[in-house]
Amino acid sequence: LSAWHGKSRFYDERNYHWMKQPFSTGGLSLLARKIAAGLRALVCGRRKVLVLDLDNTLWGGVVGELGPHGVALGGTPEGESFAAFQKLVKQLKQSGVLLAVCSKNNDADAREPFEKRDDIILRLDDFASFQASWDGKPAAIRRIAEELNLGLDSFVFFDDNPAEREHVRAELPQVLVVEVPADPAQFVRALQDSLAFEAVDIGEADAERAAQYQAEAARRSMQTAAASPEDYLASLVM
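Residues numbered from 1 in each chain as written. Predicted model: local features only at pLDDT ≥ 70, side-chain atom pairs only at ≥ 80, totals over all residues. Heavy atoms only, no water.

1. As for the nonpolar core
Piece 1. The biggest cluster of nonpolar side chains holds 33 residues, and the ones touching the most others in it are Leu 50, Leu 58, Phe 114, Phe 158 and Leu 191.
Piece 2. Listing elements by their share of this core, those giving two or more residues are strand E1 (49–52), helix H6 (77–94), strand E2 (98–104), helix H7 (107–116), strand E3 (127–133), strand E4 (155–158) and helix H10 (187–193).
Piece 3. For this core, the element with the most residues is H6, which contributes 6 residues.
Piece 4. Val 51, Ala 128, Ile 141 and Ala 145 belong to the second-largest nonpolar core, a separate cluster that totals 19 residues. (Core = buried A, V, L, I, M, F, W, Y, C linked by side-chain atoms within 4.5 Å. Buried < 20%, exposed > 50% of the residue type's maximum accessible area, 1.4 Å probe, protein only. Helix = DSSP H or I, 4+ residues; strand = E, 2+ residues; numbered from the N terminus.)

Structure (structure tokens):
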């Protein structure tokens, strides 16, 4: 913690001499947040779902205007920032966190970078739910919760647009909304500082759980699309 915050700002010699408490006010606050996050993870577990915007969040630019090969993702300082953020998101998915897309976009446009970019880190099959439409984001997040059969209090929302963040905060107070900085180079730190995915222990069962939720979401989607119960059972190929 002192290395992350800066040792000179984390400790305060005067506090030690006066109160035998070595931390500065900022250092004590940071330590308290970490302890609280650890207790929350121990008692309640960590948040389960990370809901992500796409344009200017997972890549630079608007894919509907620039096309899949025009958005920034690696190759430039800005693009490298988005690639670093995608790497962190991929690591969270591998540790058992469910990923979901919530983007105001045409569905086909939103999927193209994942399908056509060889240098993209996240792939379509990394997402347990993919909501790309022009509906309001609170409504889309509710659909994700219904699709995954999970409560909104297990959701974390990450979007570069401050208006969208405030909209979700207002309508879905159960969702943890990360305050996203303007500079994409700070995205990794912002998500880590949220402490939303702190865990006491991560095992193989956690990583497998994400795949189980994805499979269940796929089954629900097939059930909805099937013309009859018989067609649905046949589609499972059991």
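2. A closer look at the pattern of salt bridges
Pairs may arise between side chains of opposite charge once their charged atoms sit close together.
Piece 1. Counted by the stated rule, this structure contains 13 salt bridges.
Piece 2. Note that Lys 93 and Asp 126 form a salt bridge whose closest N and O atoms lie 3.5 Å from each other. One end of the pair, Lys 93, is in helix H6; the other, Asp 126, is in the loop between H7 and E3, with 33 residues separating them in the sequence. The two residues Lys 93 and Asp 126 agree in class, both being buried.
Piece 3. When the shortest N-O distance is used, the salt bridge between Asp 135 and Arg 143 registers 3.2 Å.
Piece 4. On the basis of relative accessible area, Arg 143 is assigned to the partly exposed category, the value being 30%.
Piece 5. A network of salt bridges, in which partner residues are shared, links Arg 165, Glu 166, Arg 169 and Glu 179. (Salt bridge = Lys/Arg side-chain N within 4 Å of Asp/Glu carboxyl O.)

3. What to know about helix H9 (residues 162–171)
Since the α-helix turns once every 3.6 residues, residues separated by three or four places project in the same direction.
Piece 1. Among the residues of H9, those classed as buried are Glu 164, Arg 165 and Val 168. Seen end-on, H9 carries its buried residues on one side only, within an arc spanning 100 degrees. Pointing more than 90 degrees away from the buried face of H9 are the exposed residues Ala 163 and Ala 170.
Piece 2. Next to the buried residues of H9 lie E2, helix H8 (137–148), E4 and strand E5 (176–177).
Piece 3. You can read the cap of H9 off the contacts: a side-chain oxygen lies 2.9 Å from the backbone nitrogen of Ala 163, and it is on Asn 161. (Arc of directions from axis to C-beta. Contact = heavy atoms within 4.5 Å. Polar contact = N/O pair within 3.5 Å; in protein donor to acceptor, adjacent residues only side chain to side chain.)

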